[in-house]
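Descriptive analysis of the structure
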Amino acid sequence: MTIKHIGVVGAGQMGSGIAQVCAAAGFQVTLNDLNNDAIQRGISSIENSLARLVSKEKISDQQARDLVALISTDTDMNGLSDCDIVVEAATENEPLKLDIFRRLDEVCKASAILASNTSSISITRLAAVTSRPGQVIGMHFMNPVPMMALVEVIRALQTEDKVFEDVTELAKAIGKVPVDVKDGFGFVANRILLPMINEAIYCRYENLASAEEIDTVMKLGMAHPMGPLALADLIGLDTCLSIMEVLHDGFNDSKYRPCPLLKQMVDAGYLGRKSGRGFYEY
Ligand SMILES: NC(=O)c1ccc[n+]([C@@H]2O[C@H](COP(=O)([O-])OP(=O)(O)OC[C@H]3O[C@@H](n4cnc5c(N)ncnc54)[C@H](O)[C@@H]3O)[C@@H](O)[C@H]2O)c1
């Protein structure tokens, strides 16, 4: 399959980053979200990211303008009908994603691949609600998308080999390093990362140390570039909670029990960077 036109559903921190790297590689992109405010936030975040690259002389002003010109926007999924692949990057919530996949299956052309950037939700279950389960796959980018090389390419039980090959090629074409991962709760990245973050939140909950001290232990002691609580704020505490719930429910194992402090912070609307407050203030 020749991929020329890429749709992205969700213009949040991940969707806007995915749109940016696809346009940077010369693909035509349509960025979709529920309303114009969300779209505008996504476009502003792309423009800010490009302005930083221009100021570091990594790209020219003209290249930044050309890149933005490749991205069209839409609040109606019918605008995705011409896409060769759609990457869904909406809020981490299974019923919501199942609805989006049903709708994408209706509006997208028969040959289109439907990919999800979900952090943890079963790709096999997303595939099962469509009439094209063989063309559904996970494409799990890391945050921030323009900076991070990894893409986990996640095959559902139903995914056809050709679709896996096309998506692996696409990941390389946009400058990423694809890793072949099977569909399982949390895949590989978040199966390992989120229990560590959850444990760091337990350390805070039990008042073993301050947020800064916990992060310092992991940065200086384990050479992590970022502490787990600062990373939780970057990911979004709502997304962290949702991933822990998928691990907890999926494995039915109490070792994945989300920390009560994480639940309470999400209830309070302290979602991390995106809400201005999490373990730190922004
Ligand atoms: N945050 C991370 O570090 C990270 C990393 C990898 C993958 N992910 C995954 O990427 C996805 C998005 O995460 P995010 O951090 O960008 O979230 P976000 O909250 O920044 O953005 C989510 C966007 O989805 C939009 N949305 C919700 N319902 C929609 C619908 N029905 N149609 C179109 N748009 C809709 C929202 O308006 C919002 O703009 C989630 O599945 C998440 O698990 C996140």
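Before any of the text, the structure's been laid out above.
Residues numbered from 1 in each chain as written. Predicted model: local features only at pLDDT ≥ 70, side-chain atom pairs only at ≥ 80, totals over all residues. Heavy atoms only, no water.

We now examine unusual backbone geometry. Cis geometry marks the peptide bond from asparagine 143 to proline 144; its omega dihedral reads 0°. Despite not being glycine, glutamate 57 has its phi angle at roughly 60°, a positive value. Relative to the helices and strands, glutamate 57 resides in the loop between helix H2 (36-55) and helix H3 (61-69). The exposure class of glutamate 57 is exposed, given its relative accessible area of 71%. Positive phi, normally seen in glycine, also occurs at asparagine 252, with a value near 50°. Mapped onto the secondary structure, asparagine 252 falls in the loop between helix H10 (237-251) and helix H11 (260-267). (Helix = DSSP H or I, 4+ residues; strand = E, 2+ residues; numbered from the N terminus. Buried < 20%, exposed > 50% of the residue type's maximum accessible area, 1.4 Å probe, protein only.)

Tracing the backbone through its elements, the reader meets threonine 30 in strand S2 (residues 28-32). With sequence-adjacent residues up to four places away left out, threonine 30 is seen in contact with His5, Ile6, Gly7, Val8, Ser72, Asp74, Gly79 and Leu80. (Contact = heavy atoms within 4.5 Å.)

Neighbouring strands of a sheet are bound in pairs by backbone hydrogen bonds; such pairs are parallel or else antiparallel. Strands sit in the order S3-S2-S1-S4-S5-S6-S7-S8 across an open sheet of 8 strands; the sheet is mixed. Looking along the sheet, the strands with just one partner apiece sit at the ends: strand S3 (71-74) and strand S8 (177-182). Looking at each pair of strands side by side, their axes are set apart by 25° on average, direction ignored. With 5 bridges joining them, strand S6 (residues 136-141) and strand S7 (residues 150-155) adopt antiparallel strand pairing. What sits directly across from histidine 140, in S7, is glutamate 152. Packing of H2 onto the sheet brings it into contact with S2 and S3, and relative to S3 it is tilted by some 160°. The sheet contacts of helix H4 (residues 94-107) involve strand S1 (5-9), strand S4 (85-88), strand S5 (113-116) and S6, and relative to S5 the element is tilted by about 165°. (Pairing = 2+ DSSP bridges. Axes fitted to C-alpha atoms, helices over the stretch in contact; angles between N-to-C directions.)

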